[in-house]
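This is what each chain is made of:
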Amino acid sequence: MLRVDPGGDEEMMMMGIIKEEEEEDSEEEDEEDDYLLAAAGEAGPEQHPHRPGRRGRRGREEKERTKVRERRRRAVTGRILAGLRRHGNYSLRVRADINEVVAALAREAGWVVLPDGTTFPSSQTMLAAAPPIPLSSSAAPVRVAVVSPLAARPISRRAGNAFVAPPRAVPAEGAASPLLAVPVPRDEAEDDDNAMDGGKQTGLATCPAPAVAPPRPPERDFAGTPYVPVYVMLPLNVVSLEGEVVDADALVGQLRVLKAAGVDGVMVDCWWGNVEAHRPQEYNWTGYRRLFHIIRELKLKLQVVMSFHECGGNVGDDVSIPLPDWVIEIGKSNPDIYFTDREGRRNTECLSWGIDKERVLQGRTAVEVYFDFMRSFRVEFDEYFEDGIISEIEVGLGACGELRYPSYAAKHGWKYPGIGEFQCYDRYLQKNLRRAAEARGHTIWARSPDNAGHYNSEPNNTGFFCDGGDYDSYYGRFFLNWYSQVLLDHADRVLMLARLAFEGSAIAVKVSGIHWWYKTASHAAELTAGFYNPCNRDGYAPIAQVLKKHGAALNFTCVELRTMDQHEVFPDALADPEGLVWQVLNAAWDAGIQVASENALPCYDRDGFNKTLENAKPRNDPDGRHLFGFTYLRLCSVLFERPNFTEFERFVRRMHGTINRSLIIAVPQFTTLYHCIYTAMFTVSFGVLRR
């Protein structure tokens, strides 16, 4: 019989009762206090007024010890779940609880588990023939870090599974499987408890670590899979303000290496602050024309970003490119053209969406300024469109060129994983909010939340975002609907004009992957960024519908991130990039639009590339859905270091579906040889090849 010790909560587990983590913590702490007080024979404060300090200090120490034990037990359970999903043939969802794990293991052992939890052997013969198979003779009480049911959004999952053969439970006298008995650091508090129990050792901390680390599981063979083009982002300052290509010789050498590795093209930011820098409607495209000529000569494709935001102050920004000088001058006399937070701080990264239809930019509205810029680009580079060199135009719609409010600006003190702040306090957006409240018939709602915390708050420390908070009240739903509708309206206006300017060409929009606090009910960080995506609402389907209306593709970030990695690095952030990616991909695919992606952070390791491949080409998808492109962030010298470039070149071939696994296994010097060739080409481009 398959059995997992539930750690004293067996009856509750059999009933399938799952409590929220916060309630579990508080109840366990209360029970611990009651137990300690009863064991010590201590009375209430009325009978022993001279002992409250000692008792309170002892109670606090026991609470801390309890918290440490629970955190470690939950970490063990999280690793078990991750191992079963990654290495086993179990269709466990990302937020699977202990009941689902037990049910999966029971079915693997040949038992029948009904939806209500009723469990019985498939036949009496099998029951008599099969001896009990314990997981371990010293199985520990395991507790799961349970996510609130409100936050457990049902997310579409790929049909079939992408896992290798499942691990099986081993007899008690056999060697324990590293997937089922995860070694963890020894808990001194548990050792003390064990000593009090007569030296009986329990818990996974007593399980010996395997002598040899388990080998890397077999990787999926992507030969014959759909071709997914790979682009590489060029440096942010590849074109200077003076209209020159920065370090052109070195760039040519790097592009030749990328071309030889099979890269399809590059992505380039066309900065508004560079091109229309000094006076309205005076455009300087000289530097970009030189750059595009180089790229065309190397027979690479071009993705061009219409960057209507400033560069600098965000993650990965190593240069500073401000907005045009004449816009900055207007902002000095009218700072309300910028997004503004609750304390009145202006964010000069991009223009407020409140002036989309306000003629405050020397007689033009913001959307007219964007349209004139895009139309000038289309006329200037007409031959590149006609020849197919420019394969796609990505239209910048907000901070970092992404469709979002600048809610988590580092310049205003934000640090990960802060929830950010609403950015709607400029007078134009406030006027818009008043009109919306009056139209709804509740003028008292013409205000922004005053209990939403600050940039680095946590959701449950605010009255607006906490579980059961104001975000789900009548006023909260009105405000969030208005706030997100402003984002949708801005995208609708600009994309309509982009479709006119680039008629017949592919256009795309980048949406940021705000994955922190995704496992909470409110999804606070997404709400402040303009994505109305709490646990009881899909905030990305409306965005997909706007893109579909204008024939635009969706470019999504953070496809290389793993939920367990985020949990290990910053568990308190309750991040779930895998769940977020799959939600957004399904929202776009359900709307019938194309989806591309890019990595959110620098990526050089195989695990990150493999995660990207999993998202790019879902295994056994019944509709054959896959990404239509991937853009790698970003071209730099670190990428060309031998181990990094070897992994990148391998990744490109797998994205193309042309990798020959047998060749790589039989000839390990394959990538090294290619790297030597690439290095030689790179050196020749400088004209300094040494003898």
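Summarised in this report is the structure supplied together with it.

Conventions and cut-offs
- Residues numbered from 1 in each chain as written.
- Predicted model: local features only at pLDDT ≥ 70, side-chain atom pairs only at ≥ 80, totals over all residues.
- Heavy atoms only, no water.
- Salt bridge = Lys/Arg side-chain N within 4 Å of Asp/Glu carboxyl O.
- Helix = DSSP H or I, 4+ residues; strand = E, 2+ residues; numbered from the N terminus.
- Buried < 20%, exposed > 50% of the residue type's maximum accessible area, 1.4 Å probe, protein only.
- Pairing = 2+ DSSP bridges.
- Axes fitted to C-alpha atoms, helices over the stretch in contact; angles between N-to-C directions.
- Contact = heavy atoms within 4.5 Å.
- Polar contact = N/O pair within 3.5 Å; in protein donor to acceptor, adjacent residues only side chain to side chain.
- Expected span 1.5 Å × (residues − 1).
- Parallel < 35°, antiparallel > 145°, perpendicular 65-115°, else oblique.
- Left-handed = near helix turned anticlockwise from the far one by under 90°.
- Nonpolar A, V, L, I, M, F, W, Y, C, P; charged D, E, K, R; others polar.

One pass over the structure, following the stated rule, counts 34 salt bridges. K411 is the salt-bridge partner of E310, the closest N and O atoms lying 2.8 Å from each other. Of this pair, E310 sits in the loop between strand 5 (301-307) and helix 10 (325-333) while K411 sits in the loop between strand 8 (390-395) and helix 13 (427-440), placing them 101 residues apart in sequence. A relative accessible area of 12% means that E310 is categorised as buried. Across the pair D590 and R625 runs a salt bridge whose closest N-O atoms are separated by 3.8 Å. Note that D590 is positioned in helix 18 (residues 577-591) and R625 in the loop between helix 19 (606-616) and strand 12 (629-632), a separation of 35 residues in sequence. A cluster of three or more residues bridged by salt bridges with shared partners is formed by E219, R606, E647, R650 and R654.

Next up on the list: the sheet that holds strand 12. Strand pairs in the sheet, formed through backbone hydrogen bonds, run parallel or antiparallel to each other. Ordered in space as 3-4-5-8-9-10-11-12, the eight strands form a closed barrel in which the pairing is parallel. When the angles between neighbouring strand axes are averaged without regard to direction, this sheet yields 30 degrees. Alignment of strand 3 (residues 230-233) against strand 12, held across three bridges, turns out to be parallel. Residue pairing in the sheet places V230 in a bridge with F630 of strand 12. Relative to strand 5, helix 11 (residues 366-380) is tilted by about 155 degrees, and along the sheet it contacts strand 4 (265-271), strand 5 and strand 8.

For the rest of this paragraph, the subject is the side chain of T528. Relative to the helices and strands, T528 is located in helix 15 (residues 524-528). A polar atom in the side chain of T528 sits 2.7 Å from the backbone oxygen of I419. A distance of 3.1 Å separates a polar side-chain atom of T528 from the backbone oxygen of A525. If we skip the residues at most four places from it in the chain, T528 touches Y405, S407, I419, G420, E421, F422, F465 and Y483.

Turning our eyes to something else, we now look at helix 13. For helix 13, which comprises 14 residues, the first-to-last C-alpha distance of 20 Å matches the rise-based estimate of 20 Å (1.5 Å per residue) to within 8%. Looking at helix 13, one finds that the buried residues are Y428, L429, Q430, L433 and A437. Tucked into the core, helix 13 has its buried residues touching strand 6 (338-340) and helix 14 (474-501). For helix 13, the N-terminal capping position is held by D426, with its side-chain oxygen 3.1 Å away from the main-chain nitrogen of Y428. Following helix 13 by one or two positions, G441 adopts a phi angle in the positive range, close to 90 degrees.

Moving on: the pairing of strand 10 (residues 552-556). Along strand 10, five of the five residues are buried, which leaves the element largely enclosed by surrounding structure. Note that strand 9 (residues 507-511) and strand 10 share five bridges and pair parallel. When the sheet's bridge partners are listed, V509 is paired in strand 10 with L554. Relative to strand 11 (residues 595-598), strand 10 runs parallel, the two being bridged by three bridges. What sits directly across from F556, in strand 11, is S597.

Below, the discussion takes up the packing of helix 16 (residues 541-549) against helix 18. Interhelical geometry of helix 16 versus helix 18 gives an angle of 40 degrees and a closest axis separation of 9 Å. Our classification of the angle between helix 16 and helix 18 gives oblique. The hand of the helix 16/helix 18 crossing is right-handed. Contact with helix 16, carried on its side by A541, A544, Q545 and K548, involves A587, A588 and A591 of helix 18 and no other residues of that element. Grouping the constituent residues of the contact of helix 16 with helix 18 by class yields five nonpolar, one polar and one charged.

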